[in-house]
Amino acid sequence: MNQLDKIVALCKRRGFVYQSAEIYGGLNGVYDFGPLGTLLKKNIREAWTQSIFTTQQPILFLEGSLLGAHAMWEASGHTQNFSDPLVDCTNCKRRFRADDIDLEKVCSVCGKKAWTDVRQFQLMFQTQVGAATDSSSIAYLRPETAQSIFVQFKNVMSTNRVKIPFGIAQTGKAFRNEITPKQFLFRMREFEQMEMEWFCKPDQVDEFFPLWVKARENFYTHLGIIKDKIMLREHGKGELSHYSARTTDIEYEFPFGWKELEGIADRGNFDLTQHSKHSGKDLAVYDDETKQSYIPHVVECSVGVDRLFLTLLCDAYTEDTIGGEERTVLKFSPKIAPIKAAFLPLIKKLSEPMSKIYKDIAAKGYMVEFDESGSVGKRYRRQDEIGTPLCFTYDFESVEDNCVTVRNRDTTKQERISIEKIEEYIQASLSQ
Ligand code: GAP
């Protein structure tokens, strides 16, 4: 098995990620997140939100709708431009993204060379809103969260005490009918984005663009991602999206190669200009200094929750040998680990006092687990596999000395600490 296959297997085995509707054969490119996956996603969102706050810039949050009016996607350019080149093999009927394959060669599935012409495939999911079925009822599931930020820009600005430059941030679902969803959570059909649109004066873009690239890069090192596995890559002119004047990707070295994790784009005033033209509403702002109106420019930072989830898994996944025994361990930063600590009585007989300690810590709001069944070695292995940084064990001596043993996930070293010091110990690990 390659590393990605091992990660997919671990995700299922331990309840991070399941294939959607698996008992019915699954829905390709769509996933359900299990108990640990849900916690990890929540931690990712919280870490991102925190990173936005700690930049100490004026940034407001928005929760836009998932369904978007046809007119909005027409204005944004998505109905015309948001497509991928598609090609079919007429022999085996498989579909491919034309830019993923070499059309001079035979089909990798059936070995025949029987390609259709390349045509553009619309990536937005179209639907009908209400009972009418004419063109006025066409709507789309949003393929990015950004557009609701642009169309609400004026409302946000006029109902809150902010001035240019400021940002609007949003986390939420996005949908794309990807031709070939692949590499597990890397390219999905239903996924989640975390986007921040920074509105500034045209001549401020050169100042803010590098500032945001740096802030976003710092976010990943702060999450504990290995520095050498992150790099910046500027887009060439030919690969820029229809809205972008400049884009820098933050790439990660996945097991399948260097790929985009986050994109930082100079969107100019493309979006606000388009929405202004199409809606007939003035989206310009007045500059008190120059006494002139202008359409703000936008620097966008956009990353997928699920793609970052996969990044963190790839980065944390480790196989090592401890005391002659092989183990798999997820070396998550304690900040994003789904479970912060596990409480394990050495044997079931000692469950009661350990359970009491566990409940005291859980009541203080820490995401912790209590596990009393199976050998303590097996329980350690499970906690290693789900990335729990600390295991506290209550043994026969604990009754006498009021201490527990704490085991470090990465080194497996153990030390004895007083029961009173448990919370302090967890806190210290979380602030690493
Ligand atoms: N608003 C700009 C925008 O949506 P994008 O490069 O298409 O730009 C931004 O997407 C980020 O969203 C990507 O860097 C990636 O992290 C995530 N993303 C995009 N498509 C995805 C997909 N099909 N599955 C998972 N994540 C995806």
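A quick note: this is a predicted structure, and the numbers were derived from the prediction, not measured. (Residues numbered from 1 in each chain as written. Predicted model: local features only at pLDDT ≥ 70, side-chain atom pairs only at ≥ 80, totals over all residues. Heavy atoms only, no water.)

## A word on the overall build of the chain
Then, in step 1: When helices and strands are counted, the chain shows 13 helices and 24 strands.
Then, in step 2: When the backbone C-alpha atoms are referred to their principal axes, the chain occupies close to 75 × 65 × 45 Å.
Then, in step 3: Considering the chain as a whole, with its 432 residues, one finds that 51% of them fall into the buried category.
Then, in step 4: Partitioning the contacts of the chain with sequence separation of at least 6, the portion at a separation of at least 24 is 64%.
Then, in step 5: By element, 50% of the accessible surface of the chain is carried by carbon and sulfur atoms, the whole surface being about 20,900 Å².
Then, in step 6: For the chain, the separation between the mean place of its 56 positive charges and that of its 61 negative charges on side chains is 3 Å. (Helix = DSSP H or I, 4+ residues; strand = E, 2+ residues; numbered from the N terminus. Buried < 20%, exposed > 50% of the residue type's maximum accessible area, 1.4 Å probe, protein only. Contact = heavy atoms within 4.5 Å. Areas by Shrake-Rupley, 256 points an atom, 1.4 Å probe, with all protein chains shown as cover. Lys, Arg positive; Asp, Glu negative; His and termini not counted. Charge placed at Lys NZ, Arg CZ, Asp CG, Glu CD.)

## Examining the environment of L223
Then, in step 1: Checked against the element boundaries, L223 lands in the loop between α7 (205-222) and β12 (230-234).
Then, in step 2: Overall, the relative accessible area of 4% leaves L223 in the buried class.
Then, in step 3: Placed 111 residues apart in sequence, L223 and P334 show a C-alpha to C-alpha distance of 9.1 Å.
Then, in step 4: Apart from the residues lying within four places of it in its own chain, the contact partners of L223 are A47, L308, L312, S333 and I336.

## A look at the nonpolar core
Then, in step 1: One finds F16, L308 and F332 to be the most contacted residues of the largest nonpolar core, which totals 60 residues.
Then, in step 2: A per-element tally of this core places helix α9 (residues 305-316) first, with 8 residues.
Then, in step 3: Discounting residues that sit within four places of it in the chain, F332 has contacts with F16, L40, L312, L313, A316, A337, P338, I386, G387 and R409. (Core = buried A, V, L, I, M, F, W, Y, C linked by side-chain atoms within 4.5 Å.)

## As for the domain arrangement of the chain
Then, in step 1: We note that the domain assignment places domain 1 (34-70 + 135-313) and domain 2 (339-430) within the chain.
Then, in step 2: Each of domain 1 and domain 2 has a C-alpha centre, and these two points are 40 Å apart. (Domains from an automatic or database assignment.)

## With respect to unusual backbone geometry
Then, in step 1: Looking along the chain, the bond that leaves I164 and enters P165 is cis, with omega of 5°.
Then, in step 2: Residue position: P165 is located in the loop between α6 (153-159) and β10 (166-175).
Then, in step 3: With a phi angle near 60°, F184 is a residue other than glycine that sits in the positive phi range.
Then, in step 4: Residue F184 is classed as buried on the basis of its relative accessible area of 9%.
Then, in step 5: Phi is positive for K291, which is not a glycine, with a value near 60°.
Then, in step 6: Considering the arrangement of structural elements, one finds K291 in the loop between β15 (285-287) and β16 (292-294).

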